[in-house]
Amino acid sequence: MSGVRLLVGTRKGAFVLTADGKRDRWDVNGPFFGGWELYHLKGSPADPNRIYASQSSGWFGQMIQRSNDGGKTWEPVGNKFAYEGVPGTHQWYDGTPHPWEFKRVWHLEPSLTDPDTVYAGVEDAALFRTTDGAQTWSEMPGLREHGSGPQWAPGAGGLCLHTILIDPSNPQRMFIAISAAGAFRTDDGAKTWKPINRGLQSQHIPNPTAEVGHCVHRLAMHRSRPSTLFMQKHWDVMRTDNAGDQWQEVSGNLPTDFGFVIDVHAHEPETIYVVPIKSDSEHYPMDGKLRVYRSRTGGNEWEALTKGLPQENCYVNVLRDAMSVDSLDKCGVYFGTSGGQVYASADAGDTWKAIVENLPPVVSVEVQTLA
Amino acid sequence: MIRVVLPAHLRTLARVGNDEVQVEVSGQPTLGAVLDAIEASYPALRGTIRDCVTDKRRPFIRFFACEQDLSHEAPNTPLPDAVVKGAEPFLVVGATAGG
């Protein structure tokens, strides 16, 4: 029987939640790595029992954990992330040059075809790869050495590479996003990269239409249309239909277009989800109402989804890696909050239910659809 | 054998329960040598006490022994005799921080 497995990263450990295809009753396992920050966990599309986790701590640094049995047991693997050559400087918050320093792994993106190959997006921003199941990591320096690196500046969370999208139709093409540098694309297997930020407008940088410097919060893609990307920028929801060569705003009737997450329905490439957040100085929903907004038209026309979500006195945030969709029919949608709730919809967002309510603040949510 | 007391999270990572551990130091028993020995005996701890790349002590980690703070001593600093003889442990301490 089909089922789903949710991988939830929190500020104080990881949790693995499982359910059958009805997605009604959930088993909660964890915390794993209690007391550590789990920025991200993700399973291999090629082997769902292979899961990688980024575990970090202000005291003890970065660990990478690997499971070969679907999250039941874990083993620490390689945690050495060394930049290639002399990494130079990026901009600091005050505009002065600041040395590139490794801080943590924000995002792990396993290869679509090889369980031993994983890409890691790190802070300070760079892309790393392992091809031996995370025993060793090597930087893919073409991104950091693209040339604009000295102009990159950290967002409030740090200079983080937080999104990695692999084009399922073209293994040479990948997209990444950095806060606050913007989006980049490679067409040659990560040797060279180009900024893909044309059409973005960001009022908080000196040149609002600059080639780099935009605070991109998240990118999303439907695997059937890899040249169409959706973006939740700091402010503005955007889309491109030519692999990032040009973006247009699709915020439409959203009550606010600030937010962090964005995702695409598993079976409807023009159905997308966001969670509007009031502002960058008030990281909570408008009017105390937690609302997911869904567009069935690829943006611009949005409907509020509220059934089962708190509609009063709710002041949580939903961080950039904390939404995911399964590929069952109907499509399941999941997100986690800074208040420790994980909400699930088994009907593409029409209705919602809190499947856990009192976890530590949730940083990431990934779902695996199991055969 | 050098007795080493690790912070709770590192004991969990090293899978050593609640006990102090003992490591054998080859050659001169120095601060750097005992850290090398800890990492050799418990590879899961590589990078957690010292940075993987720079070998610098992590900022929130301190080293104490015989009521002395050895955190800022050079790696070639000899360990106190009482630690070398096993009468006193070498303490790896996670700094109290966070409110």
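1. Some remarks on the overall build of chain B
Right, on to step 1. On a plain count of helices and strands, chain B comes out with 3 helices and 5 strands.
Right, on to step 2. Listing each helix as α and each strand as β along chain B from the N terminus yields β-α-β-α-β-β-α-β.
Right, on to step 3. Relative to its length of 99 residues, chain B is compact, with a C-alpha radius of gyration of 12 Å against a globular reference of 13 Å.
Right, on to step 4. The principal-axis extents of the C-alpha atoms in chain B amount to approximately 35 × 25 × 25 Å.
Right, on to step 5. Expressed as a percentage of contacts within chain B between residues at least 6 apart in sequence, the contacts between residues at least 24 apart total 52%.

2. Details of the overall build of chain A
Right, on to step 1. A count of helices and strands for chain A gives 0 helices and 30 strands.
Right, on to step 2. Taking 2.2 N^0.38 as the reference for a compact globule, 371 residues should give roughly 21 Å; the C-alpha atoms of chain A span a radius of gyration of 19 Å, in line with that estimate.
Right, on to step 3. Along the first, second and third principal axes, the C-alpha set of chain A runs to 50 × 45 × 40 Å.
Right, on to step 4. In chain A, which comprises 371 residues, the proportion classed as buried is 52%.

3. Side note on the sheet that holds strand E2 (residues 13–20) of chain A
Residue and element names in this part refer to chain A.
Right, on to step 1. The antiparallel open sheet is built from 4 strands, whose spatial order is E3-E2-E1-E30. Of all strands in the sheet, those bounded by a partner on one side alone are strand E3 (27–32) and strand E30 (362–370). When strand polarity is set aside, the average angle formed by the axes of neighbouring strands in this sheet is 15°.
Right, on to step 2. Here strand E1 (residues 3–10) pairs with E2 via 8 bridges, running antiparallel.

4. Quick look at the nonpolar core
Right, on to step 1. Judged by nonpolar contacts, the single largest core of 108 residues is most densely connected at Val8, Ile176, Met231, Tyr334 and Val342 of chain A.
Right, on to step 2. Discounting chain neighbours no more than four positions away, the residues touching Met231 of chain A are Ala183, Val216, Leu219, Val237, Met238, Trp247 and Ile262 of chain A.
Right, on to step 3. Leu13, Val21, Leu31 and Val83 of chain B belong to the second-largest nonpolar core, a separate cluster that totals 24 residues.

5. A look at helix H2 (residues 31–41) of chain B
Residue and element names in this part refer to chain B.
Right, on to step 1. Turning to H2, its buried residues number three or more, namely Leu31, Val34, Leu35, Ala37 and Ile38. Mapping the buried residues of H2 onto a view down its axis gives an arc of 160°, with all of them on the same face.
Right, on to step 2. In this structure, the buried side of H2 is in contact with strand E1 (2–5), strand E2 (21–23), strand E3 (61–65) and strand E5 (90–94).

6. Overview of the sheet that holds strand E21 (residues 248–249) of chain A
Residue and element names in this part refer to chain A.
Right, on to step 1. On the basis of which strands lie adjacent, the open sheet formed by 4 strands has the order E18-E19-E20-E21 and antiparallel pairing. The strands lining the two open edges of the sheet, one partner per strand, are strand E18 (216–221) and E21.
Right, on to step 2. Bridge count between strand E19 (residues 229–233) and strand E20 (residues 237–240): 4 bridges; the pairing is antiparallel. Note on E20: the bridge partner recorded for Leu229 is Thr240.

7. With respect to the interface of chain A and chain B
Right, on to step 1. Taken together, the 11 residues of chain A in the interface contact 13 residues of chain B.
Right, on to step 2. When its residues are assigned to classes, the side of chain A that touches chain B shows 4 nonpolar, 6 polar and 1 charged.

8. Structural notes on the pairing of strand E15 (residues 174–179) of chain A
Residues and elements named next belong to chain A.
Right, on to step 1. Summarising burial for E15: 6 of the 6 residues are buried, a large majority.
Right, on to step 2. Of the two faces of E15, the one lined by Met174, Ile176 and Ile178 and the one lined by Phe175, Ala177 and Ser179 are each fully buried.
Right, on to step 3. Bridge count between strand E14 (residues 160–166) and E15: 6 bridges; the pairing is antiparallel. By the bridge assignment for E15, Thr163 is matched with Ala177.

9. A short note on the pairing of strand E6 (residues 61–67) of chain A
Where a strand is regular, its side chains alternate between the two sheet faces.
Residues and elements named next belong to chain A.
Right, on to step 1. Within E6, 7 of the 7 residues are buried, leaving the element largely enclosed by the surrounding structure.
Right, on to step 2. Note: strand E5 (residues 51–57) against E6, 7 bridges, orientation antiparallel. Note that in E6 the partner of Ala53 across the bridge is Gln65.
Right, on to step 3. Taking the residues between adjacent antiparallel strands as the criterion, E5 and E6 are bridged by 3 residues.
Right, on to step 4. Across 3 bridges, the pairing between E6 and strand E7 (residues 75–77) is antiparallel. Directly across from Gln65, in E7, lies its bridge partner Pro76.

10. What to know about the environment of Pro285 of chain A
Right, on to step 1. By the secondary structure assignment, Pro285 of chain A is in the loop between strand E23 (272–274) and strand E24 (292–295).
Right, on to step 2. For Pro285 of chain A, a count of 26 C-beta atoms within 10 Å puts it in the buried group.

11. Looking at the confidence of the model for chain B
Note that predicted coordinates carrying low pLDDT should not be read in detail.
Right, on to step 1. Mean pLDDT over chain B stands at 94; residues scoring 70 or higher make up 98%.
Right, on to step 2. Scoring the predicted complex yields pTM 0.96 and, for the interface, ipTM 0.94.

Parameters and conventions
- Residues numbered from 1 in each chain as written.
- Chains lettered and ligands numbered in written order.
- Predicted model: local features only at pLDDT ≥ 70, side-chain atom pairs only at ≥ 80, totals over all residues.
- Helix = DSSP H or I, 4+ residues; strand = E, 2+ residues; numbered from the N terminus.
- Rg over C-alpha atoms; globule rule 2.2 N^0.38 Å.
- Contact = placed C-beta atoms within 7 Å.
- Buried ≥ 20, exposed ≤ 12 C-beta atoms within 10 Å, placed from the backbone.
- Pairing = 2+ DSSP bridges.
- Axes fitted to C-alpha atoms, helices over the stretch in contact; angles between N-to-C directions.
- Core = buried A, V, L, I, M, F, W, Y, C linked by C-beta atoms within 7 Å.
- Arc of directions from axis to C-beta.
- Nonpolar A, V, L, I, M, F, W, Y, C, P; charged D, E, K, R; others polar.
- pLDDT = per-residue confidence, 0-100.

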